[in-house]
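These are the residues of each chain, in order.
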Amino acid sequence: MPRGKNTNVYLICKDCKMQNYKTRINKKTITGKLEQNKFCAKCNKATLHASGSEIKHSSS
Ligand SMILES: [Zn+2]
């Protein structure tokens, strides 16, 4: 079990709005938007990706 409350979020390309990556953030330590420079396959270049909507886990 992971410690703390980590939340899975999408990293969304700011140019084309594609949800290219998933990452885990700790909402206690990260406030506001997370931004990372990542390669986008659609743009075919490295673009700024911002943390987007939370990925909900369906409990099963
Ligand atoms: Zn893109």
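The rules behind the values
Residues numbered from 1 in each chain as written. Predicted model: local features only at pLDDT ≥ 70, side-chain atom pairs only at ≥ 80, totals over all residues. Helix = DSSP H or I, 4+ residues; strand = E, 2+ residues; numbered from the N terminus. Buried ≥ 20, exposed ≤ 12 C-beta atoms within 10 Å, placed from the backbone. Pairing = 2+ DSSP bridges. Axes fitted to C-alpha atoms, helices over the stretch in contact; angles between N-to-C directions.

1. Overview of the overall build of the protein chain
And then number 1: For the protein chain, the helix and strand inventory stands at zero helices and four strands.
And then number 2: Listing each helix as α and each strand as β along the protein chain from the N terminus yields β-β-β-β.
And then number 3: Viewed in the frame of its principal axes, the protein chain has a C-alpha envelope of about 35 × 30 × 15 Å.
And then number 4: Taken over 60 residues, the protein chain has a buried fraction of 10%.

2. Quick word on the sheet that holds strand S2 (residues 19-26)
Consider a sheet: its strands pair through backbone hydrogen bonds, and that pairing is either parallel or antiparallel.
And then number 1: The strand order across the open sheet formed by four strands is S2-S1-S4-S3, and the pairing between neighbours is antiparallel. Every other strand in the sheet has two partners, leaving S2 and strand S3 (35-40) as the edge strands with one partner each. Direction aside, the axes of adjacent strands within the sheet are offset by 45° on average.

3. With respect to the pairing of strand S4 (residues 45-54)
And then number 1: Examined bridge by bridge, strand S1 (residues 6-13) and S4 share four bridges and lie antiparallel to one another. Residue pairing for S4: cysteine 13 is matched across the bridge by histidine 49.
And then number 2: Where S3 lies against S4, six bridges are found, and the strand directions are antiparallel. Bridging across to S4, glutamine 36 finds its partner in histidine 49.

4. Overview of the pairing of S2
Looking along a regular strand, one sees the side chains alternate between the two faces of the sheet.
And then number 1: As defined by bridge partners, S1 adjoins S2 across seven bridges and the pair is classed as antiparallel. For isoleucine 12, the partnering residue across the bridge sits in S2 and is glutamine 19.
And then number 2: A loop of five residues connects S1 with S2, the two strands running antiparallel in sequence, and lysine 17 in this loop sits at a positive phi of about 65°.

5. Describing unusual backbone geometry
And then number 1: Even without being glycine, lysine 17 reaches a positive phi, approximately 65°.
And then number 2: One can find lysine 17 in the loop between S1 and S2.
And then number 3: Taking the C-beta count within 10 Å as the criterion, lysine 17 has 11 such neighbours and is therefore assigned exposed.
And then number 4: Phi at asparagine 44 takes a positive value of approximately 60°, unusual for a residue other than glycine.
And then number 5: With respect to the secondary-structure elements, asparagine 44 resides in the loop between S3 and S4.

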